[in-house]
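Close look at the chain arrangement
The lines below spell out each chain.
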Amino acid sequence: MSATRTAVIVAEPLDRNNAPACYSLPLLECVPNISEGRRPEVIQRLVKAVRRPGVQLLDHSSDPDHHRSVLTLAGAPGALHGALLDLYEVAIETIDLGRHDGRHPRLGAVDVVPFVPLGEATMATAIATATDLAEAVAQRFDLPVFLYEEAARHSRRSALPEIRRGGFEGLPERLATTDGAPDFGPPRRHPTAGATVIGARQFLVAFNLVLESDDLALARRIARRLRERDGGLPGVRALGIAVPTQGRVQVSVNLIAPERTSLATVVAEVRRLAAAEGVDLADSELIGLLPQRVLYDAARQALGLPALDEAQVVEAAIARRRS
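Figured I'd write up the structure that's included with this text. (Residues numbered from 1 in each chain as written. Predicted model: local features only at pLDDT ≥ 70, side-chain atom pairs only at ≥ 80, totals over all residues. Heavy atoms only, no water.)

**Some remarks on helix α6 (residues 216–226)**
For α6, the complete set of buried residues consists of L218, A219, I222, A223 and L226. In a view along the axis of α6, the buried residues occupy a sector of 135°, so they form one face of it. Packed against the buried residues of α6 are β9 (205–211), β10 (236–243), β11 (248–255) and α7 (263–275). Structurally, the start of α6 carries an N-cap: the backbone nitrogen of A217 is 3.1 Å from a side-chain oxygen of D215. (Buried < 20%, exposed > 50% of the residue type's maximum accessible area, 1.4 Å probe, protein only. Helix = DSSP H or I, 4+ residues; strand = E, 2+ residues; numbered from the N terminus. Arc of directions from axis to C-beta. Contact = heavy atoms within 4.5 Å. Polar contact = N/O pair within 3.5 Å; in protein donor to acceptor, adjacent residues only side chain to side chain.)

Following this line, the structure appears as structure tokens:
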């Protein structure tokens, strides 16, 4: 695949039975998407910026075609807040969207920062953490900030694609309108960092399906038939994107409601739509992490094993005995 991934477990434990004081607070997942996927030295600086006590860097992947990196963090609200401010500082110093030509839609150097409640954490905590970060980012970096999903203050800004419509290039026109004013920060585009979107949501599965074709129009047709807003599958967002490093195209999917449409259903539908046009599905790629339940749901459907659960998985059985 075109993306490179590093799964990282740092020394700071997430086990509350042997955790530092900050873990008495609820734990959140945070998945910042940064508009840089080609310069290893910059990516390493971005990764280094989030390494601090109380924050786990669970995974990071970078894609040169999308020109994008995705980090998966976990920690308490206060620790995440500090790490993300450091991340913004490095991103704004090193990324100039005026020279950015990635295939993925983007609004800012730090494009989107969602918070997801883990375990006993509540959505209210995720919303409050997102709002606090949005205000701090706007004040510290003079950056326009939009709140989205559960943290949105306007119903029309709930969905990320609506906020990001027009991208970095369309920001000046958008910010000049009453409806386009940011939730925090100035109503003008940062010259190199654009704007940023911060919010709170439930788990989302980001998944790319690569076709044995270089026909971008085909990928876009399949994406249009797949996504919910155009009459496709419930809880599915999709784009057709070129992957020049492979000489192929992909259908890039965000599965925002895996309880409504399983991962196996998405893969089967893309395979069916591609086959109808004489094209095979080459392979697929998971971006970031996904909940275990999503994986089991997909396996149950694909394998025809409706009763499958972790009790039948040897590693899970060994982990239970050890605990």
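**Considerations on helix α1 (residues 40–49)**
Each α-helix winds once per 3.6 residues, and so residues spaced three or four apart point in a common direction. All buried positions along α1 are accounted for by V42, I43, L46, V47 and A49. End-on view of α1: buried residues confined to an arc of 160°, all on one side of the axis. Within α1, the exposed residues directed more than 90 degrees away from the buried face are P40, E41 and K48. Of the surrounding secondary structure, the elements contacted by the buried residues of α1 are β3 (33–34), β4 (55–63), β5 (68–75) and α2 (77–94).

**Regarding the pairing of strand β6 (residues 110–117)**
It is a general feature of regular strands that their side chains alternate between the two faces of the sheet. The element β6 is extensively covered by neighbouring structure, given that eight of its eight residues are classed as buried. In this sheet, β6 lies alongside strand β2 (residues 28–30) in antiparallel orientation, the contact comprising three bridges. Pairing of C30 across the sheet is with F115, part of β6. Relative to β6, β3 is paired through two bridges, and the arrangement is antiparallel. The residue of β6 that forms the bridge with I34 is V110. Pairing of β6 with strand β8 (residues 196–200), which is carried by four bridges, proceeds in the parallel orientation. Directly across from P114, in β8, lies its bridge partner G199. (Pairing = 2+ DSSP bridges.)

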